[in-house]
Structure formats: C-alpha cells, structure tokens
Amino acid sequence: MSAPVVDAKRHTPQGDPSQKPSLVHRLAEHGIDRTLWLLVPGLLFVIVLFVYPFLYGLNLSLHPNKGGMFGAYKAFFTDPDMRGWDSLWITLKLSLPAALINVIAAIPLAYMMRGNFRGKRLLTTILVVPITLGTVLTAEGLLNFFGPRGWFNRFLGLFDLGPVQLVQNYWGVLWSLIISGFPFAFLLILSYMSGIDPSLEAAAKTLGADWKQRFRRIIMPLLAPGLATTFCLTFVLAFSVFPSAILVGDPSGSTRVVAYVAYNAWGQMFDYPLASASAIVMGVVEMIVIGVVLMLRSTMYKGSTGGKG
Amino acid sequence: MSALVEGPAPRATARRRRLVASPGKFLTWGGMAIFLILLFGVIASVVVNSFAGKWFDSWLPTSYSGSWYGTAWSQYDLTQVVLTTLIVAVVVVALSVLIGVPASYVLARKKFPGSKFVMLLFLLPIMMPPITYGIPLATLLNYYHLAPGLTGVILANLVPSVPFVVLTMTPFIEQINPSIESAARMCGASTSKLFLRILAPLLIPGMLAAAVLVLVRTVGMFELTFLTSDSSSNTLVVALFTAMTGAGIRAQQSVDAMAVIYMLSMLVLLVIALRFVNPTQLVARVDDSKD
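The structure displayed is predicted, hence computed values, not measured ones.

**A look at the overall build of chain B**
Logical step 1: Check the secondary structure of chain B and you find 11 helices and 2 strands.
Logical step 2: Counting helices and strands in the order they occur from the N terminus, chain B gives α-β-β-α-α-α-α-α-α-α-α-α-α.
Logical step 3: By element, 69% of the accessible surface of chain B is carried by carbon and sulfur atoms, the whole surface being about 13700 Å².

**Examining the environment of Cys-232 of chain A**
Logical step 1: Note that Cys-232 of chain A resides in helix H10 (residues 211-239).
Logical step 2: With a relative accessible area of 2%, Cys-232 of chain A lands in the buried category.
Logical step 3: In the structure, Cys-232 of chain A is positioned 54 residues away from Glu-286 of chain A in sequence and 9.5 Å away in space, judged by C-alpha atoms.
Logical step 4: Dropping the residues within four chain positions of it, Cys-232 of chain A is found in contact with Ile-290, Val-293 and Leu-294 of chain A together with Met-127 of chain B.

**Focus: the UniProt feature "transmembrane region" (unreviewed entry) in chain B**
Logical step 1: Annotation from UniProt places "transmembrane region" (unreviewed entry) at residues 26-52, 81-108, 120-144, 150-173, 194-216 and 259-277 of chain B.
Logical step 2: For residues 194-216 of chain B, the helix share is 100%, the strand share is 0%, and the end-to-end C-alpha distance is 31 Å.

**Topic: the nonpolar core**
The tendency in soluble globular proteins is for nonpolar side chains to be buried side by side.
Logical step 1: One finds Phe-186 and Phe-242 of chain A together with Phe-122 of chain B to be the most contacted residues of the largest nonpolar core, which totals 191 residues.
Logical step 2: Looking at which element gives the most residues to this core, the answer is helix H8 (residues 170-194) of chain A, with 16 residues.
Logical step 3: In this structure, Phe-122 of chain B is in contact with Leu-39, Gly-42, Leu-43 and Val-46 of chain A together with Ala-103, Leu-107, Val-162, Pro-163 and Val-166 of chain B, ignoring residues within four places of it in sequence.

**Focus on helix H6 (residues 120-146) of chain A**
All names here are of chain A.
Logical step 1: Over its 27 residues, H6 extends only 29 Å from the first C-alpha to the last, a length that falls short of the 39 Å expected when each residue adds 1.5 Å.
Logical step 2: The largest bend along H6 measures about 105 degrees and falls at Gly-134.
Logical step 3: Burial within H6 is extensive, with 20 of its 27 residues counted as buried.

**Quick notes on the environment of Leu-274 of chain A**
Residue and element names in this part refer to chain A.
Logical step 1: Relative to the helices and strands, Leu-274 resides in helix H13 (residues 272-298).
Logical step 2: Counting along the chain gives 198 residues from Leu-274 to Phe-76, while the straight-line C-alpha distance between them is 6.8 Å.
Logical step 3: Setting aside chain neighbours within four positions, we find Leu-274 in contact with Ala-72, Ala-75, Phe-76, Met-82, Ala-265 and Met-269.

**Overview of the UniProt feature "transmembrane region" (unreviewed entry) in chain A**
Residue and element names in this part refer to chain A.
Logical step 1: Summarizing the sequence annotation, UniProt attributes the feature "transmembrane region" (unreviewed entry) to residues 36-55, 88-110, 122-146, 170-190, 222-242 and 274-296 in the numbering used throughout.
Logical step 2: Across residues 122-146 one finds 100% helix and 0% strand; the C-alpha atoms that close the span lie 27 Å apart.
Logical step 3: Within residues 274-296, the helical portion is 100% and the strand portion 0%, while the C-alpha atoms at the span's ends are 33 Å from each other.

**Digging into the side chain of Thr-235 of chain B**
Logical step 1: In this structure, Thr-235 of chain B sits in the loop between helix H9 (223-228) and helix H10 (236-245).
Logical step 2: The class for Thr-235 of chain B is buried, based on a relative accessible area of 3%.

**Focus: the packing of aromatic side chains**
Logical step 1: Tallied over the full model, the rule gives 29 aromatic pairs over all chains.
Logical step 2: Among the aromatic side chains, those forming a connected cluster through ring pairs are Phe-242, Tyr-263, Trp-266 and Tyr-272 of chain A together with Phe-222, Phe-226 and Phe-241 of chain B.
Logical step 3: The residue whose ring lies beneath Arg-217 of chain B is Phe-164 of chain B, and the NZ or CZ to ring-centre distance is 4.2 Å.

**Thoughts on the interface of chain B and chain A**
Logical step 1: Facing the 98 residues of chain B at the interface are 96 residues of chain A.
Logical step 2: At the boundary of chain B with chain A, total buried surface from both sides reaches about 8600 Å², with 80% on carbon and sulfur atoms.
Logical step 3: Linking chain B with chain A are 0 salt bridges, by the criterion used here.
Logical step 4: Counting across the interface, chain B meets chain A through 3 residue pairs in polar contact (both at pLDDT 80 or more).
Logical step 5: Counting residues per element, the side of chain B that touches chain A draws most heavily on helix H1 (residues 8-50) of chain B, which supplies 20 residues.
Logical step 6: Its residues placed into classes, the side of chain B that touches chain A shows 75 nonpolar, 12 polar and 11 charged.

**Some words on unusual backbone geometry**
Glycine aside, residues mostly have negative phi angles, and peptide bonds mostly take the trans form.
Logical step 1: In this structure, Phe-270 of chain A is a non-glycine residue whose phi angle is positive, near 55 degrees.
Logical step 2: Within the secondary structure, Phe-270 of chain A is located in the loop between helix H12 (258-268) and H13.
Logical step 3: Phe-270 of chain A sits in the exposed class, given a relative accessible area of 54%.
Logical step 4: Residues other than glycine seldom take positive phi values, yet Asp-77 of chain B does so here, at roughly 55 degrees.

**Structural notes on the confidence of the model for chain A**
Logical step 1: Residues at a pLDDT of 70 or more form 91% of chain A, whose mean pLDDT is 83.
Logical step 2: Overall, residues 1-13 of chain A carries pLDDT values under 50, and its contacts beyond four positions in sequence, including any with other chains, amount to 13 contacts.

**Quick word on helix H9 (residues 198-206) of chain A**
All names here are of chain A.
Logical step 1: Taken together, the buried positions of H9 are Glu-201, Ala-202 and Ala-204. Viewed end-on, H9 has its buried residues packed into an arc of 160 degrees, placing them on one side of the element.
Logical step 2: Tucked inside the fold, the buried residues of H9 contact helix H5 (84-112) and H10.
Logical step 3: Gly-208 lies just past H9 and shows a positive phi near 90 degrees.

Rules used in this analysis
Residues numbered from 1 in each chain as written. Chains lettered and ligands numbered in written order. Predicted model: local features only at pLDDT ≥ 70, side-chain atom pairs only at ≥ 80, totals over all residues. Heavy atoms only, no water. Helix = DSSP H or I, 4+ residues; strand = E, 2+ residues; numbered from the N terminus. Areas by Shrake-Rupley, 256 points an atom, 1.4 Å probe, with all protein chains shown as cover. Buried < 20%, exposed > 50% of the residue type's maximum accessible area, 1.4 Å probe, protein only. Contact = heavy atoms within 4.5 Å. UniProt positions renumbered as here; feature names shortened; annotations may be inferred. Core = buried A, V, L, I, M, F, W, Y, C linked by side-chain atoms within 4.5 Å. Expected span 1.5 Å × (residues − 1). Bend = angle between axes of the 7 residues up to and from the residue. Phe/Tyr/Trp six-rings, centres within 6.5 Å; stacked < 30°, edge-to-face > 60°. Lys NZ or Arg CZ within 6 Å of the ring centre and 35° of its normal. Buried area = accessible area lost by both parts, 1.4 Å probe. Salt bridge = Lys/Arg side-chain N within 4 Å of Asp/Glu carboxyl O. Polar contact = N/O pair within 3.5 Å; in protein donor to acceptor, adjacent residues only side chain to side chain. Nonpolar A, V, L, I, M, F, W, Y, C, P; charged D, E, K, R; others polar. pLDDT = per-residue confidence, 0-100. Arc of directions from axis to C-beta.

Dropping the structure here:
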C-alpha cells in the first residue's frame, strides 16, 4: 500500500483532466486509504481468536474418532450418552419462555417508567445489581432462599401450604434466568422506550386517543424492533445457560441443557470432535432462532423515532 | 414531555387515564415489588448465612459468627484467586481497549467495501453462546499449551471483550463531529497527532465507560474462564462455582462467605461503573441526548 502513496504525491490528477486519477485516489473514493490500517489489529484478533478456532472446531467435528465424516454429529443426536435432541429441546423449553417472560413483563413497567420521576435512578441501579452478580451467585442465593428450609418455604408454611420444591429442578433454573435476565430486558426496553419521541404520543392525545389506543397504535409499532433486539439478547443469555443449570437445576434430568452436554463431552469424556460438534449444533440452533426473530424484525417499521432498535 | 402537556385540560385527562389504568398499574408495580422482594431475599439469605453460627430450623440463625470469612479465605486460597481475578481483569481491559478503539474509529468513520461484513465479524462473538466458541477455542489453546493457565484465561476473555469495546465505542465516535478532524488535518496534523491531541481527549469518557463495562463483564464471565483455567488460574467466579460443586464436606457457610466476598467486589465495581456510565448503558450503549 505504501508504494502507490509515494506515487500519488508525485502525481497531480488536476493537471491533466484526460488522465485517469491514480489508483490511490480511486481507492480513496471507495473509502480505502491508510486509516484502514487501524482496523488491522482488531481484524487480526477476531480472525486468530474467533474465526480460526471456530473453523478448527468445525474441521475437528468432521473428523471424529469413529463413524465417518458426520459421525460426531450422528453421535450427538443418537448416542444414549448424549441424547442431543432431548438436550436441545430442554434448552429451548427453558430459554424461550424465560426470554418471553422477561420481555413481556418489562414492557408495561418500562411504559410506566419512561418519564422522569424521583427514584428512577435508584430503581435502575437496584435492577443492575442482579446483572452484575451473575448466575453463580444467583444460584447460591436461590438454593438458600427457595431451599426446603429456606425463607420462601417457611413463609408458605405460615399459611399451612406445604413445602414447594423450587430448586434442583426446572423452576430453579427458570427463576435464575428471570432474575438475571429480567433487569437486562427491562433496562434495554426502557432505553428504547425513552428513545420514542414523546411529541408523537402528545399528538395522538390531542386527537383524542386514550392510553390503550396510544399504546397499541403508537408505542408498540415504534417499540417492536427494539423488542425484537431485546428478545434476541435475552434469548442468547438464556440459551447459553450453563452454571445455573448445574447448580440450581437437575443436570442429569430435567435441566440437562445442551451447554452441559457439550461441556461433558469436552471436560469429562475428552472427546473433542464430539464436543465441537455439540457446540456447533448449539450455535446453529441459536442462530436459527435469532434469524427468525430478526427476519420478522426486518418487516417492521424502522423510522427515525423508533430508529434505535 | 412536560413542556407539551401543561395546563388544566391535559391534567384532567391524565387523571382519568390513571383511574382507567389502575388495575394494570397495580399489577405491574405489584409484580415489580414481588421481583424486588425475591431479589432481596436471594441476596440476604446468602449474606445472613455467611454470618451464621448455627442455623437449622428457624427464621434466623440462633448464633452468629464472623469466622467463616477467615476459613473461606484460607480454605479456598482466596489471596491467589483475587490476585488472578485482578490480573486477568486489568490485562483484558487494557488489551481490549487498545485493540478495539482504533478498529471502532475506522468502523465509525469509513464506509469501505466489506465494512458491513467486518461489523458482522465483530458482532458474532457477542451473539454466539460462549460455550459454542469457547470449546473449540479451549481445545486449540490446549493444543498450543496456552491453556489451562493464565494466558489462556486472558486470551479467551478477550474474545467477547474486544467486540464489546468496538460495539460500544463505534456509536460514541460517530457522535464526534468529523469537521473537528478535518480542521486539524487542514492545520497540518498528522494521523498520530490527530489521535493524540484531538481524538484522545474527546474519546476518554467513552473509553472509560467501555473499560468499566469490560471490567464488570470480565470479572463476572464464567464459561470462558471455566474452560481455560486450572486450579492456579481460577478467577473468583470460577472458584465459587468449583467450591459449590466440588466433592467433599464443606460448610455451606464458608461457600456463602466466599459468595459475599465476590458480591462485595462486584458491588465495588458497580459503584465505580455507575460513576462513569448510565445504568441502561450497562446493557447497551444508547444515545441519551434526547432525555
């Protein structure tokens, strides 16, 4: 790249209009110039630490210890130790409801909190806490709180309601996904909601629309792309559930999620092709769900006032 | 909004709206209250148990003791663990800012063939589940003898951090008026001077915010550290997980004491973070200029 730059200094394109501008100028017209070098470290980094390992894993998964080219994938779905379909189904059964609950519960709250009021900053700060605590600590807390001798069952006991089993099963993991995912969804939707120009709603108000009409005809269409993005992000968090499925779930049965299965193949069975195959299937399934949501999103209105989505 | 909705007539409609909406409002605030109570219970039960002497079948422990912290500190070798966590976090933050900021400058300012594709490349590590790329990456790092160990942990944690810096910094740089740069160029500033004298001072708030966010994420990142660490390079969150799942008889209280130590360090980070960033920014970078 440096050689043509020197060339360009000698060359003056204005001097001779009939002559074509130099290569550097033509490239610069397309946005290619020396500032692009700044991108090189970042690009190199992504290629070396993300693309290359990923391709390496893909290659590894196609060369299994036994069973031909797609042997590892076949083993993932059919092997009685892996039971891939089951684990994928279990993961979707956890992550889709969790993401839906988080998004749907966050909409009315964000709608009410979109204005400024006293204590808004405090409330948002409290909601950030579970995001930073992470799933491992949430799991420890859930085990204590919902455990057989925990405060929750003790509270139910006051009303003579029998102890409820809420940890070491599906519900424990769902709770942990909601506790760490809901604040995330709420803060994201709140930021989308406050990005909607309030004068649109005010205009609808002067035309006599009540709050239901305003919510359905103005807020929702503008918010929908943001909702789709939020759903995707909370879904990603929930789909990759791993520590809490082990800690508050029942990793050998009802919460045998695909991340756990992939980790088991990697860290316990030391079958790297199988582990890579499981990891790739996991990524593909996640991308399919996200792809469907984003495709729906592309059919939605994306105007200037809802443009943050 | 307040400027537009003023005077007696709109206030009357507002009152009517509140009456109509009250069951819905009641439900949502009630739901919020229940969520916060559960959250409080979850956190408080860990804190109370970490101070519990004896706690069997009662609302609160029958005796209290602070000795679990000392036990946990020596039992889980927390000096080493905290030190590792600090090293990993600081190195990851420094490297990801160094690599990410120049890249985000190019992506914010230039439209070149393939810029969309490059942006997608930076988006993918954030959208993929960490286990999906973590397993091939850990296999590869093992192969090159970089993992399990501190180097592996740092390299693996960089994978989502650099794209995160790029994605948070790109909108930030887009907000900076490009004519400032053009003016500097016209006055004869070279690219390096432009960066050091013009852009760096303007970018420092954004860089601080991105750095703090990466710090919070790295300290809390479980999966990638778990896949690439060994017993001498565990970070706090992985040490907590192994203590919870590990074999052998361990007092629940000492695990909880460690959880409280982890919680306190996260809260310190959070307080620092909130000095630099808006709470909504912790989940996404948004333009708050309209508020």
